[in-house]
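Report on the structure
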Amino acid sequence: MMRPHEFRAGRDSIRQDDYRWAMHWFDDAEAIAPALPAIWLVRTAATPRNLTERSALRRGTALRIVARQFGCREDDVVIGHDTAGRPFLAAPGPSGLCLSLATRAGVVAVGLARQPLGVDVEAVDPAAAPTLDLLHPAERMALDATAFADWPRAFIRLWAAKEAYVKALGSGFRRAPESFAVSLLSETAFRVTDPRAPTNASGAFRSMENGGHEIMAAAFVIAE
């Protein structure tokens with residue numbers, strides 16, 4: 001089992017200019033990440049009925065993954081929050097690693113990175129009406145150019161990316177979602193254009209099936 005000093009050596013080996021593209025994805029809570037950032041998308045049989053149960057499911061899954069990653073007991077894992085409300089790993093060790101958690105339709109996403117990150121997970125619902133007034137004008141134009149049958153999936157990808165971005169910022173949707181633009185680069189990548197940020201930055205997508213739902217996950221790391 002990987003120990004904390006081995007884990008830190010692995011993540012320190014990532015070249016900084018490759019950082020945003022070095023996203024490791026896992027669908028097994030028992031998987032050990034060789035380097036960071038890493039995202040676990042874990043299918044569960046749980047059907048949480050309210051925010052409290054969803055929070056407990058996220059936290060329990062995160063404790064299990066972190067304990068496995070560091071080779072410790074779940075009771076040894078301490079999750080804190082910074083002044084922006086973003087979770088971070090307070091123990092084991094003085095790691096200060098950043099966490100991001102999300103859940104939807106029985107899937108829990110747990111992200112772990114050196115820098116602030118955001119993870120979101122959404123279920124594609126063909127019957128849902130996209131809330132276009134919450135999108136940037138460039139995003140609405142991109143949707144207009146999308147075949148109507150593909151709208152639900154395209155909208156959810158945009159929304160998951162936007163959610164991941166504001167979670168990485170630590171603002172949540174106190175930051176107006178229409179104030180920055182997400183561009184869908186491919187099935188696995190997106191770009192964020194933010195007038196408040198010095199440069200455009202990129203994030204990653206992953207999709208999976210769970211209980212008849214197509215689940216779309218997005219992850220964004222703020223690179224130094």
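Now for a look at the structure at hand. Since this is a predicted model, take the numbers as computed values, not measurements.

The rules behind these values
- Residues numbered from 1 in each chain as written.
- Predicted model: local features only at pLDDT ≥ 70, side-chain atom pairs only at ≥ 80, totals over all residues.
- Heavy atoms only, no water.
- Pairing = 2+ DSSP bridges.
- Helix = DSSP H or I, 4+ residues; strand = E, 2+ residues; numbered from the N terminus.
- Axes fitted to C-alpha atoms, helices over the stretch in contact; angles between N-to-C directions.
- Contact = heavy atoms within 4.5 Å.
- Expected span 1.5 Å × (residues − 1).
- Buried < 20%, exposed > 50% of the residue type's maximum accessible area, 1.4 Å probe, protein only.
- Polar contact = N/O pair within 3.5 Å; in protein donor to acceptor, adjacent residues only side chain to side chain.

Attention now goes to the sheet that holds strand β10 (residues 201-210). The antiparallel open sheet is built from 5 strands, whose spatial order is β7-β11-β10-β9-β8. Both edges of this open sheet fall to β7 (117-123) and β8 (181-184), since each of them pairs with a single strand only. When strand polarity is set aside, the average angle formed by the axes of neighbouring strands in this sheet is 25 degrees. Across 8 bridges, β10 lies against strand β11 (residues 213-221) in antiparallel orientation. If you follow Arg206 over to β11, its bridge partner there is Ala217. On top of the sheet, helix α4 (residues 151-169) reaches β7, β8, β9 (189-193), β10 and β11; it is set at about 150 degrees to β7, its chief contact.

Compared with the 28 Å implied by 1.5 Å per residue over 20 residues, the 28 Å span of helix α2 (residues 51-70) between its first and last C-alpha is a close match. Among all positions of α2, only Leu57, Thr61, Ala62, Leu63, Ile65, Val66, Ala67, Gln69 and Phe70 are buried. A distance of 3.2 Å separates the backbone nitrogen of Thr52 from a side-chain oxygen at the start of α2, and that oxygen is part of Asn50.

A separate point is the environment of Tyr165. Structurally, Tyr165 is set in helix α4. When the C-alpha positions of Tyr165 and Thr47 are compared, they lie 26 Å apart, and in sequence the two are 118 residues distant. Apart from the residues lying within four places of it in its own chain, the contact partners of Tyr165 are Phe180, Val192, Asp194, Ala197 and Phe220.

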